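What follows is the residue order along each chain.
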Amino acid sequence: MLVSKDENIKTSSVYVASLILKNIQRKKVDKISIFELSKDLKKYNITRYRHIFFGLAFLYSSGIIDFKEPFIYVRKQK
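The rules behind each value
- Residues numbered from 1 in each chain as written.
- Predicted model: local features only at pLDDT ≥ 70, side-chain atom pairs only at ≥ 80, totals over all residues.
- Heavy atoms only, no water.
- Pairing = 2+ DSSP bridges.
- Helix = DSSP H or I, 4+ residues; strand = E, 2+ residues; numbered from the N terminus.
- Axes fitted to C-alpha atoms, helices over the stretch in contact; angles between N-to-C directions.
- Buried < 20%, exposed > 50% of the residue type's maximum accessible area, 1.4 Å probe, protein only.
- Contact = heavy atoms within 4.5 Å.
- UniProt positions renumbered as here; feature names shortened; annotations may be inferred.
- Parallel < 35°, antiparallel > 145°, perpendicular 65-115°, else oblique.
- Nonpolar A, V, L, I, M, F, W, Y, C, P; charged D, E, K, R; others polar.

**What to know about the sheet that holds strand β3 (residues 71-74)**
Next up, step 1: The 3 strands lie next to each other as β1-β3-β2, forming an open sheet whose pairing is antiparallel. Looking at which strands have only one partner, the edges of the open sheet turn out to be β1 (31-33) and β2 (65-68). Mean inter-strand twist for the sheet, computed between neighbouring axes without regard to direction, equals 25 degrees.
Next up, step 2: As paired strands, β2 and β3 are joined by 4 bridges and run antiparallel to one another. Within β3, the residue paired with Asp66 across the bridge is Tyr73.

**Points about the environment of Leu56**
Next up, step 1: With respect to the secondary-structure elements, Leu56 resides in helix α3 (residues 49-61).
Next up, step 2: Residue classification places Leu56 among the buried positions, given a relative accessible area of 7%.
Next up, step 3: Distance in space between the C-alpha atoms of Leu56 and Ile72 is 8.9 Å, their sequence separation being 16 residues.
Next up, step 4: Once residues lying within four places of it in the same chain are set aside, the contact partners of Leu56 are Ile20, Ile34, Leu37, Ile65, Phe67 and Ile72.

**A word on the UniProt feature "transmembrane region" (unreviewed entry) in the protein**
Next up, step 1: As annotated by UniProt and renumbered to match this structure, "transmembrane region" (unreviewed entry) occupies residues 49-67.
Next up, step 2: Summarising residues 49-67: 68% helix, 16% strand, and an end-to-end C-alpha distance of 16 Å.

**Re the packing of helix α1 (residues 13-27) against α3**
Next up, step 1: At a minimum axis separation of 8 Å, α1 and α3 run at an interaxial angle of 80 degrees. Comparing their axes, α3 and α1 come out roughly perpendicular. Contact with α1, carried on its side by Ser13, Val14, Val16, Ala17, Ile20 and Leu21, involves His51, Ile52, Phe54, Gly55, Leu56, Phe58 and Leu59 of α3 and no other residues of that element.
Next up, step 2: When the residues that make up the contact of α1 with α3 are grouped by side-chain class, the tally is 10 nonpolar, 3 polar and no charged.

Spelled out as structure tokens, the structure:
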């Protein structure tokens, strides 16, 4: 289940994933550092690594992003 009725929607993996994508889109880049991403998510009160991890895991399992330490890459659409 992607979102539970008992979970805070502002910390759900889907919501955090949308913030990550908006952040990358706003900066108009194809890659972003995990450290820069973490700093930017603090503006939205996302401070725990667990929330970031699940947001990134959701994007990775959906085939939207890829990893190469310490960067997160947006996969090109074919």
